[in-house]
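Remarks on the overall topology
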Amino acid sequence: MKFSIRYKFMVGLIIIFCIGFNVISFFMNKIIVDNSKRIISKEFATNKKDLDLYLRQFMMMNNIKNNEKDFEEHINEISEALSLKLDDRVTFYKNNGQLLLDTAYADGDVLTFYTVDKNIIDNKEDLKAAFTGKSAFSIINYENNYIVAFAFPINMDGKNLCIIRYSKDYSYLFQLNRNLLGITKKMILIIFMLTCIFTILLSTKITIPIVKLSKITKEISKGNFNLDVNINSSDEIGELGENFNLMKEKIKEQIEIINKDRDNLKIIESHRKTFFDNVTHEMKTPLTIISGYAQMILDDGYEDKKILNKGATKIKIESNRMHKMVLDLLTMSKLESYVEINRKEKIDMEEVVNAICEDMMIKANKYNIKIKKCIGKEIFIYGNKEEIRRMIINIMDNSIKYGNIMSTINIGLYSEENFCFLTVEDEGKGIPEGKMHKIYEPFYRVDKRGEREKGSNGLGLTIVKSIIENHEGKIKIESREGIGTKVYISIPLV
Ligand code: ADP
């Protein structure tokens with residue numbers, strides 16, 4: 001079974017209160033009774049001294065001798081005097097226990113005049129003690145009245161003349177003490193009520209935020225992070241709420257990062273799979289061709305010079321193609337592992353671009369393509385020279401490959417706002433607009449059938465983009481189908 005904090009608080013408080021209240025009441029009662037007895041005892045001692053002195057004087061003045069017989073003979077005058085002095089009823093007993101005189105003309109029972117209820121017994125314990133020579137009193141309680149009976153032997157010069165007993169109503173004293181006890185109990189009750197109210201309020205203040213937190217943690221466990229804990233309190237509980245919200249936001253952020261990473265991983269994984277599928281596919285084609293022609297030569301190619309020639313040429317072209325692909329794949333792998341880029345140096349772009357143009361001229365001449373240069377001076381970048389060369393060759397190679405026969409390729413090199421700009425513009429078949437977004441994907445070729453030569457494998461622009469990004473640069477390609485393509489490259493200057 002589940003018990004709320006408030007319930008536990010209340011049960012605990014009630015148990016503590018019940019035990020505490022009874023213990024306090026018991027001890028208060030005891031203290032009050034003891035105090036009352038002490039007050040009565042003090043008063044008794046004083047009264048006894050007074051009476052002794054008074055009696056002694058009275059006996060001297062009235063020539064009453066100090067013996068039992070003479071005392072008993074004058075008992076009427078003595079009793080009258082003492083009754084007047086005490087302003088109350090007095091009872092005298094002989095030493096043998098016999099009632100000598102009761103100024104009230106009664107039988108010596110102190111209750112006779114206080115109550116008609118004979119069920120209450122005056123057990124005369126004080127009197128019994130007085131007969132043994134002690135001064136004593138006993139408290140008789142009935143219906144909230146407290147009568148105290150005092151008894152002591154009258155002793156003159158070592159002789160016990162008689163026992164005297166008188167009573168006094170001490171109800172006022174006990175009433176006073178009872179009132180004090182009543183007030184104390186009321187105060188305890190009020191304090192308890194206040195404690196209860198305070199506990200209820202405090203436990204509500206504590207439990208409401210806890211309940212809120214518990215509800216929200218349940219929601220969070222279901223994946224709902226959009227709820228906030230609102231605790232308007234400037235104490236530790238308010239701080240707990242604020243910290244909880246912070247923690248929730250942090251968890252939300254972390255989960256978002258994890259989700260993003262997971263999605264990215266999935267994308268990377270799928271890219272990797274496509275990549276390897278493509279690699280195997282691209283390898284399969286030349287290998288099939290190579291294997292086919294090799295078989296042809298083995299079958300009857302030795303005799304037929306034409307077949308032997310054709311087969312050997314095809315095997316050469318396809319093995320060259322595979323060789324280029326393997327080299328490109330190696331380049332890509334190196335670029336991904338950032339091995340080459342670490343070998344950086346200051347590169348004179350004018351020198352690099354001029355040298356490449358010269359090298360590419362041979363290939364361009366094959367198709368009657370002119371290379372027109374507009375190359376600026378003193379343009380330096382910081383990077384890996386071999387990578388930069390490979391990147392420019394790939395772009396210019398594309399322009400030759402996809403450029404029209406007898407067309408012109410314009411090469412531009414200039415610097416602007418801390419950047420080195422390289423532009424390669426050709427007149428050729430261009431790239432259809434709908435396919436532009438795919439040209440950087442590995443193995444993507446716009447039109448495989450329309451290739452002028454067997455040198456392409458769709459890895460060129462992937463490598464170009466990777467190199468430019470490793471040099472904190474950017475690439476932009478503008479192309480119009482049937483008109484031509486212009487490639488813009490920007491790399492930060494040294
Ligand atoms: P490839 O080895 O096939 O040239 P690239 O990655 O260099 O691979 O280029 C991807 C595709 O983009 C090419 O197959 C081609 O269709 C297109 N392309 C690239 N450059 C040009 C260009 N200058 N003119 C026309 N098409 C181009």
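Here, every reference points to the structure presented above.
Here's what I pulled together on the structure shown here.

Cut-offs used in this document
- Residues numbered from 1 in each chain as written.
- Predicted model: local features only at pLDDT ≥ 70, side-chain atom pairs only at ≥ 80, totals over all residues.
- Heavy atoms only, no water.
- Pairing = 2+ DSSP bridges.
- Helix = DSSP H or I, 4+ residues; strand = E, 2+ residues; numbered from the N terminus.
- Axes fitted to C-alpha atoms, helices over the stretch in contact; angles between N-to-C directions.
- Contact = heavy atoms within 4.5 Å.
- Core = buried A, V, L, I, M, F, W, Y, C linked by side-chain atoms within 4.5 Å.
- Buried < 20%, exposed > 50% of the residue type's maximum accessible area, 1.4 Å probe, protein only.
- Patch = residues over 30% accessible without salt bridge, like charges linked within 9 Å, V, L, I, M, F, W, Y side chains within 5 Å.
- Areas by Shrake-Rupley, 256 points an atom, 1.4 Å probe, with all protein chains shown as cover.
- Salt bridge = Lys/Arg side-chain N within 4 Å of Asp/Glu carboxyl O.
- Near = heavy atom within 4 Å.
- Polar contact = N/O pair within 3.5 Å; in protein donor to acceptor, adjacent residues only side chain to side chain.
- Phe/Tyr/Trp six-rings, centres within 6.5 Å; stacked < 30°, edge-to-face > 60°.

1. Regarding the sheet that holds strand β3 (residues 136–142)
Taken together, five strands build an open sheet; the order of strands is β2-β1-β5-β4-β3 and the sheet is antiparallel. Edge positions in the open sheet fall to β2 (99–102) and β3, since each of these has one partner strand only. Across this sheet, the average inter-strand angle for adjacent strands is 20°, counted without regard to direction. Where strand β1 (residues 90–93) meets strand β5 (residues 159–169), four bridges bridge the pair, whose relative direction is antiparallel. Bridging across to β5, Thr 91 finds its partner in Arg 165. Against the sheet, helix α1 (residues 5–61) makes contact with β3, β4 (145–156) and β5, and its axis sits at roughly 40° relative to β4, the strand it touches most. Against the sheet, helix α5 (residues 171–221) makes contact with β3, β4 and β5, and its axis sits at roughly 135° relative to β4, the strand it touches most.

2. A closer look at the nonpolar core
Counting 50 residues, the largest nonpolar core has Met 349, Met 391, Ile 392, Met 396, Ile 411 and Ile 489 as its most contacted members. The element that contributes the greatest number of residues to this core is helix α8 (residues 349–366), accounting for seven residues. Leaving out residues up to four positions away in the same chain, Ile 411 has contacts with Val 353, Cys 357, Ile 371, Lys 372, Lys 373, Cys 374, Met 396, Leu 422, Thr 423 and Val 424. Residues Leu 51, Leu 55, Leu 86 and Ile 154 belong to the second largest nonpolar core, which totals 29 residues.

3. Points about a nonpolar patch on the surface
On the surface, Phe 3, Tyr 7, Val 11, Ile 15, Ile 19, Val 23, Phe 26, Phe 27 and Ile 31 cluster together into a nonpolar patch covering about 870 Å² of accessible area. Relative to the helices and strands, Phe 3 resides in the segment before α1.

4. Description of the site of the ligand
Neighbouring the ligand are 17 residues; Asn 398, Lys 401, Tyr 402, Asp 426 and Leu 461 lie closest to it. In the environment of the ligand, an oxygen atom lies 3.3 Å from a nitrogen or oxygen atom belonging to the backbone of Gly 460. At a separation of 3.2 Å, a nitrogen atom of the ligand approaches a polar side-chain atom of Thr 485. In isolation the ligand has 530 Å² of accessible area, and contact with the protein removes 97% of it. Breaking the shell around the ligand down by element, the ones donating at least two residues are α9 (385–402) and α10 (460–470). Sorting elements by how many residues they give to the shell around the ligand places α9 first, with three residues.

5. Here's the deal with the packing of aromatic side chains
As enumerated under the stated definition, the model contains 17 aromatic pairs in all. Between the aromatic rings of Phe 17 and Phe 192, the centroid separation amounts to 3.9 Å while the plane-to-plane angle is 25°, which identifies the pairing as stacked. Placement of the pair is Phe 17 in helix α1 and Phe 192 in helix α5, with a sequence separation of 175 residues. The two residues Phe 17 and Phe 192 agree in class, both being buried. Counting every residue linked through ring pairs, the aromatic cluster contains Phe 44, Phe 137, Phe 150, Phe 152, Tyr 166, Tyr 170 and Tyr 172.

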